[in-house]
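Analysis of the macromolecular model
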Amino acid sequence: MDKKTKIDSWGKRVGMFVLKTIIYFGILMALIYLYEYSGLTSVHFIYNEF
């Protein structure tokens, strides 16, 4: 029974690591998308049509 709890504990740790990695990757991708979408690198002039 001791081995069973160790296996469950190890499986939970691996599962939580994978879940956190996926969540952090998703947050990072969302931040990169929002940064690109906002166009912070492009120059905005008020009178750019003249």
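Residues numbered from 1 in each chain as written. Predicted model: local features only at pLDDT ≥ 70, side-chain atom pairs only at ≥ 80, totals over all residues. Heavy atoms only, no water.

Section: the overall build of the protein
The condition is simple: Each helix corresponds to a stretch of at least 4 residues labelled H or I by DSSP, and each strand to a stretch of at least 2 residues labelled E; elements are numbered beginning at the N terminus. Remark: exposure states derive from per-residue accessible area (1.4 Å probe, protein chains only) relative to the maximum for the residue type, with buried under 20%, exposed over 50%, and partly exposed in between. All accessible-area figures derive from a Shrake-Rupley calculation using a 1.4 Å probe, and residue coverage is judged against the displayed protein chains alone.
Secondary structure summary: the protein contains 1 helix and 0 strands in total. Out of the 50 residues in the protein, the part that is buried amounts to 2%. Carbon and sulfur atoms form 71% of the exposed surface of the protein, whose accessible area is close to 5400 Å².

A word on a nonpolar patch on the surface
How we decide: By definition, no residue in a patch forms a salt bridge, and every one has over 30% relative accessible area; like charges are joined within 9 Å, nonpolar side chains (Val, Leu, Ile, Met, Phe, Trp, Tyr) within 5 Å. Basic side-chain nitrogens of Lys or Arg form a salt bridge, by our definition, when they fall within 4 Å of a carboxyl oxygen of Asp or Glu.
Among the surface-exposed residues, Met16, Leu19, Ile23, Tyr24, Ile27 and Leu31 lie close enough to one another that they form a single nonpolar patch of about 620 Å² accessible area. With respect to the helices, strands and loops of the structure, Ile27 is situated in helix H1 (residues 2-38).

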